Amino acid sequence: MSEVIHTITNDIATEKSAYIYFAGSIRAGRDDVPTYAKLINKLQKYGKVLTEHVGDYHLSVGGQSFLSDKFIHDRDLYWLRNSHVVVAEVTTPSLGVGYEIASAVNWHIPVITLYKRGEKSVSAMISGSEGCRHFEYDNVKEAYQIIEKEMAKLGYKENHES
């Protein structure tokens, strides 16, 4: 993978911690919410997870239906554009997650994709992208180890106070 350099410098961040965009399926299926919640909890040790609602057990496949699609789109792209890193759990295929990943790659935001080994196959547009670092895992503990290693490569340290 070629070196990825972020194009945003603390537009919304006033702290030294990372702004992390977590991407996971909402409208395409919520089967992986327990995994999302655990991954988000781990990522919060590195900084602010802008999309922690993705791991909310109360969020249904209808998503945030009280908000307009336009509002969600614009808000999420604002968060994405101002993030330092994207971590996407891509086991459940989602057009929205693919859109978010493509946008992040286009904006030179580092992207880490995680995928449960042995599940459905991941789109070659994701696994073959040089703008993504793609990893398979067998269990959440292994996913945590991947996150630790990749966040360290990006220069982010776990804050043990979280």
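Everything numeric in this text was worked out from a predicted model, so none of it was measured.

1. Examining the overall build of the chain
Next up, step 1: Each helix and strand counted, the chain has five helices and five strands in total.
Next up, step 2: Starting at the N terminus and walking to the C terminus, you meet the elements of the chain as β-α-β-α-β-α-β-α-β-α.
Next up, step 3: By residue count, 48% of the 162 residues in the chain fall in the buried class.
Next up, step 4: Within the chain, counting contacts between residues at least 6 apart in sequence, those at least 24 apart form 70% of the total.
Next up, step 5: Put simply, the chain shows about 8800 Å² of open surface, and 53% of that area lies on carbon and sulfur atoms.

2. Some details on the pattern of salt bridges
Next up, step 1: All chains considered together, the criterion is met by nine salt bridges.
Next up, step 2: The salt bridge partner of Lys42 is Glu158, with a shortest N-O separation of 3.0 Å. Here Lys42 is found in helix α1 (residues 33-43), whereas its partner Glu158 is found in the segment after α5 (140-153), with 116 residues between them in sequence.
Next up, step 3: Residue class for Lys42 comes out buried when judged on its relative accessible area of 8%.
Next up, step 4: On the basis of relative accessibility, which here comes to 22%, the residue Glu158 falls in the partly exposed class.
Next up, step 5: A salt bridge links Arg117 to Asp138; the nearest nitrogen and oxygen atoms lie 2.8 Å apart. Here the residue Arg117 occupies a position in the loop between β4 (111-116) and α4 (124-127), and Asp138 occupies one in the loop between β5 (132-137) and α5, the gap between them amounting to 21 residues.
Next up, step 6: Since its relative accessible area comes to 39%, Arg117 is described here as partly exposed.
Next up, step 7: Through salt bridges with shared partners, one network takes in Arg117, Glu136, Asp138 and Glu142.

3. Focus on the pairing of β4
Next up, step 1: Across the six residues of β4, six count as buried, placing the element largely inside the fold.
Next up, step 2: Side chains Val111, Thr113 and Tyr115 of β4 all project onto a buried face; the interleaved residues Ile112, Leu114 and Lys116 project onto the opposite face, where all are buried too.
Next up, step 3: Alignment of strand β3 (residues 85-89) against β4, held across four bridges, turns out to be parallel. Of the residues in β4, the one forming a bridge with Ala88 is Thr113.
Next up, step 4: You can see the chain leave β3, run along helix α3 (residues 95-106) and come back into β4, and the turn it takes is right-handed.
Next up, step 5: Note that β4 and β5 share six bridges and pair parallel. From the neighbouring strand, Lys116 faces β5, where its bridge partner is Tyr137.

4. Looking at the confidence of the model for the chain
Next up, step 1: Taken residue by residue, the chain gives an average pLDDT of 83. The fraction at 70 or more is 78%.
Next up, step 2: The model gives residues 1-15 a pLDDT under 50, and that stretch makes 28 contacts with residues more than four places away or in other chains.

5. Section: the side chain of Glu89
Next up, step 1: As for its position among the elements, Glu89 is in strand β3.
Next up, step 2: Despite its burial, Glu89 pairs with no opposite charge, the nearest such side chain being Lys116 at 5.1 Å.
Next up, step 3: With residues up to four places along the chain from it excluded, the contact list for Glu89 reads Phe22, Ala23, Gly24, Asp32, Tyr36, Leu39, Leu114, Tyr115, Lys116 and Tyr137.

6. Comments concerning the sheet that holds β4
Two strands in a sheet stick together by hydrogen bonds in their backbones, pointing the same way (parallel) or opposite ways (antiparallel).
Next up, step 1: Taken in spatial order, the five strands line up as β2-β1-β3-β4-β5 in an open sheet, and their pairing is parallel. On the outer flanks of this sheet lie β2 (47-49) and β5, each paired with one strand and no other. Neighbour-to-neighbour, the strand axes of this sheet turn through a mean angle of 25°, independent of strand direction.
Next up, step 2: Relative to β3, strand β1 (residues 18-23) is paired through four bridges, and the arrangement is parallel. When the bridges of β3 are listed, Ala23 appears paired with Ala88.

How each quantity is defined
- Residues numbered from 1 in each chain as written.
- Predicted model: local features only at pLDDT ≥ 70, side-chain atom pairs only at ≥ 80, totals over all residues.
- Heavy atoms only, no water.
- Helix = DSSP H or I, 4+ residues; strand = E, 2+ residues; numbered from the N terminus.
- Buried < 20%, exposed > 50% of the residue type's maximum accessible area, 1.4 Å probe, protein only.
- Contact = heavy atoms within 4.5 Å.
- Areas by Shrake-Rupley, 256 points an atom, 1.4 Å probe, with all protein chains shown as cover.
- Salt bridge = Lys/Arg side-chain N within 4 Å of Asp/Glu carboxyl O.
- Pairing = 2+ DSSP bridges.
- Right-handed = clockwise from strand over helix to strand, strands pointing away.
- pLDDT = per-residue confidence, 0-100.
- Lys, Arg positive; Asp, Glu negative; His and termini not counted.
- Axes fitted to C-alpha atoms, helices over the stretch in contact; angles between N-to-C directions.

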